[in-house]
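# Observations on chain architecture
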Amino acid sequence: MDKFNTLLKFDDFMNEQLEDTAVKTEYDALEPEFTIIEALMRARIETGLTQKQLSERTGISQADISRIERGTANPSLHTLQRLAAGMGRHIQIDFV
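This text gives an overview of the structure that appears in the document. Fair warning: this is a prediction, and the values are worked out from it, not measured in the lab.

### Regarding the packing of helix 4 (residues 51–58) against helix 6 (residues 77–86)
At a minimum axis separation of 9 Å, helix 4 and helix 6 run at an interaxial angle of 105°. The pairing of helix 4 with helix 6 is recorded here as roughly perpendicular in orientation. Where helix 4 approaches helix 6, its residues Leu54, Arg57 and Thr58 are matched on the opposing element by Arg82, Leu83 and Gly86.

Structure below.
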């Protein structure tokens, strides 16, 4: 099975799960965390850096970067600022 078909099956699975209001409520509550994780990973990849290279630039361990990207760590604003600086970027936060 190719990756495209795997993604389609995952999308079908997620759509089915999100029909359950309890699951959707919990999923929606995690949206800010998912947004940060996605933005971090996208910026790192667009910059052409591996986790190891970003670690070397920031002094943040590769293991910690991995945990942040997997969503198993809750980084401080200071840590996110260090990661952004390591990629030549800055953080922008909006309250909406």
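Let us keep going from here.
### A look at the pattern of salt bridges
Counted according to the given criterion, the structure contains six salt bridges. Of the charged contacts, one joins arginine 42 and glutamate 38 as a salt bridge, the two residues approaching to 2.4 Å between their closest N and O atoms. A residue pair is termed a helical-turn pair when its members lie 3 or 4 positions apart in one helix, as arginine 42 and glutamate 38 do in helix 3 (residues 31–47) at four residues. With its nearest N and O atoms 2.6 Å apart, the salt bridge here joins glutamate 69 to arginine 44. You can see glutamate 69 sitting in helix 5 (residues 62–70) and its partner arginine 44 sitting in helix 3, a full 25 residues away along the chain. Considered together, glutamate 69 and arginine 44 belong to a single accessibility category, that of buried residues.

Analysis parameters
- Residues numbered from 1 in each chain as written.
- Predicted model: local features only at pLDDT ≥ 70, side-chain atom pairs only at ≥ 80, totals over all residues.
- Heavy atoms only, no water.
- Axes fitted to C-alpha atoms, helices over the stretch in contact; angles between N-to-C directions.
- Helix = DSSP H or I, 4+ residues; strand = E, 2+ residues; numbered from the N terminus.
- Parallel < 35°, antiparallel > 145°, perpendicular 65-115°, else oblique.
- Contact = heavy atoms within 4.5 Å.
- Salt bridge = Lys/Arg side-chain N within 4 Å of Asp/Glu carboxyl O.
- Buried < 20%, exposed > 50% of the residue type's maximum accessible area, 1.4 Å probe, protein only.

Function cannot be read off these values alone, since they describe shape.
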